[in-house]
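# Close look at the chain arrangement
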Amino acid sequence: MKRYFLPVFILLCSTVVSAQSEKGKDVFAFRITDYIVKLTDSAVLVQVESARGNLGIAEKQLGLLKANYSNGDTVTIGAGKCQLIKGSFYYFAIQLNNKERWPKKDDLLYTKAEYPATYKGQVYNLLRLSINLQHVNGGPFYSFAFPVFGDKSQEGSVIDSLVTDIKYTGREMQQQDNGQDRTIASGRFKNKKLFAAMQEITSGDMADFLDYMIARPLMYAGNDWKIAEVFATWMDGGTPTVVKE
């Protein structure tokens, strides 16, 4: 089973937010809108919107723009500062690293924000990274407001629901017998059939997967994922985990 050391995620943005050590602020990933304005041949203005209004983002605050995996790559596009705030909209002027890679809608602007979370657990960190997990039949498991009222017990209920969804999906796929089942080659479910193994997972397996997503977010950040699909991919890939430091 592959194991990775858990990085401090703020290092992702260390080149542009190292000076921003405001107490109570964490790095968030915001999907940029389709408002993208060329300023010069190597600079653009991008817009992000806060789902909860004012999150303590200030004018001249630094931000890092990275590609969204769904847009075809995960490169660092550029960095810059917040130039304008209008209501729940924030406008960042970004100096591009490569003139050939311009920002696209849903690319991710990383900057520090202040969120009134009562419990900063795994769901909070998924939301920081704009990772939204969905039921197999559609619909979210949690909202952006969850950390305001949620606690450890309620997060446990969310994790239990994720496990239930995967077990249901594995059972349904096994019954369909449509040729998609396969034997897992490595990891904690080695030599087991995928759909049968999906029905055996525990909340501990789920906690390990969520830690992995949070520690290695580039493929997951800024997207909506059906939990059964991404979890099955993790199982088939050998259930890599992280070592917390």
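Below is a short write-up of the structure. (Residues numbered from 1 in each chain as written. Predicted model: local features only at pLDDT ≥ 70, side-chain atom pairs only at ≥ 80, totals over all residues. Heavy atoms only, no water.)

### Description of the overall build of the chain
A count of helical and extended segments in the chain gives seven helices and 10 strands. Burial analysis of the chain (245 residues in total) assigns 46% to the buried set. A fraction of 70% describes how many contacts in the chain between residues 6 or more apart in sequence connect residues 24 or more apart. Of the roughly 11800 Å² of accessible surface on the chain, 50% is carried by carbon and sulfur atoms. (Helix = DSSP H or I, 4+ residues; strand = E, 2+ residues; numbered from the N terminus. Buried < 20%, exposed > 50% of the residue type's maximum accessible area, 1.4 Å probe, protein only. Contact = heavy atoms within 4.5 Å. Areas by Shrake-Rupley, 256 points an atom, 1.4 Å probe, with all protein chains shown as cover.)

### Describing the side chain of S130
Of note, S130 is situated in the loop between α2 (122–128) and β8 (131–134). When sequence neighbours within four positions are dropped, the list of residues in contact with S130 reads A29, R31, Y220, A221, G222 and N223.

### A word on the pattern of salt bridges
As enumerated under the stated definition, the model contains 10 salt bridges in all. A salt bridge links D73 to R101, with the nearest nitrogen and oxygen atoms 3.2 Å apart. You can see D73 sitting in the loop between β4 (62–66) and β5 (76–86) and its partner R101 sitting in the loop between β6 (89–96) and β7 (108–114), a full 28 residues away along the chain. The closest approach of N and O atoms between R182 and D236, which form a salt bridge, is 3.2 Å. Linking R182 in the loop between α4 (152–176) and α5 (194–198) with D236 in helix α7 (residues 227–236), this pair joins segments that are 54 residues apart in sequence. Judged by its relative accessible area of 38%, R182 is partly exposed. In this structure D236 comes out as partly exposed when scored by relative accessible area, which is 30%. Salt bridges linked by common partners bring D73, R101 and D107 together as one network. (Salt bridge = Lys/Arg side-chain N within 4 Å of Asp/Glu carboxyl O.)

### Notes on the sheet that holds β7
Taken together, six strands build a closed barrel; the order of strands is β2-β3-β6-β5-β4-β7 and the barrel is antiparallel. Sheet twist, expressed as the average angle between the axes of neighbouring strands with direction ignored, equals 40 degrees. As judged from the eight bridges shared by β5 and β6, these two strands associate in the antiparallel manner. Residue pairing in the sheet places G78 in a bridge with L96 of β6. (Pairing = 2+ DSSP bridges. Axes fitted to C-alpha atoms, helices over the stretch in contact; angles between N-to-C directions.)

### Focus: the packing of aromatic side chains
Per the stated rule, a full pass over the model turns up 12 aromatic pairs. Between the aromatic rings of F209 and F231, the centroid separation amounts to 5.3 Å while the plane-to-plane angle is 80 degrees, which identifies the pairing as edge-to-face. One end of the pair, F209, is in helix α6 (residues 203–215); the other, F231, is in helix α7, and 22 residues separate them in sequence. On the basis of relative accessibility, which here comes to 0%, the residue F231 falls in the buried class. With a centroid separation of 5.2 Å and an interplanar angle of 50 degrees, the aromatic rings of F209 and W234 are classed as tilted. With F209 in helix α6 and W234 in helix α7, this pair connects stretches of sequence that are 25 residues apart. Here F209 matches W234 in class, with each residue buried. A connected cluster of aromatic rings, assembled from ring pairs, spans F28, F30, Y115, Y124 and F144. (Phe/Tyr/Trp six-rings, centres within 6.5 Å; stacked < 30°, edge-to-face > 60°.)

### Focus: the side chain of S50
Of note, S50 is situated in the loop between β3 (43–49) and β4. Judged by relative accessible area, which is 4%, S50 ranks as buried.

### A closer look at α7
Most of α7 sits out of view: seven of its 10 residues are buried. Turning to α7, its buried residues number three or more, namely I227, A228, V230, F231, A232, W234 and M235. In the core, the buried residues of α7 are packed alongside β8, α4, α5, α6, β9 (223–226) and β10 (241–243). Phi for G238, located one or two positions after α7, is positive at around 100 degrees.

### Considerations on the packing of α6 against α7
Across the interface, α6 lies against α7 with an axial gap of 11 Å and an inter-helix angle of 90 degrees. Here α7 runs roughly perpendicular to α6, going by the angle between their axes. Residues D205, M206, D208, F209 and Y212 of α6 form the contact with α7, whose own contacting residues are I227, V230, F231 and W234. (Parallel < 35°, antiparallel > 145°, perpendicular 65-115°, else oblique.)

### Description of a nonpolar patch on the surface
On the surface, Y35, V37 and L39 cluster together to form a nonpolar patch covering roughly 240 Å² of accessible area. Along the chain, Y35 turns up in strand β2 (residues 25–40). Judged by its relative accessible area of 36%, Y35 falls in the partly exposed class. (Patch = residues over 30% accessible without salt bridge, like charges linked within 9 Å, V, L, I, M, F, W, Y side chains within 5 Å.)

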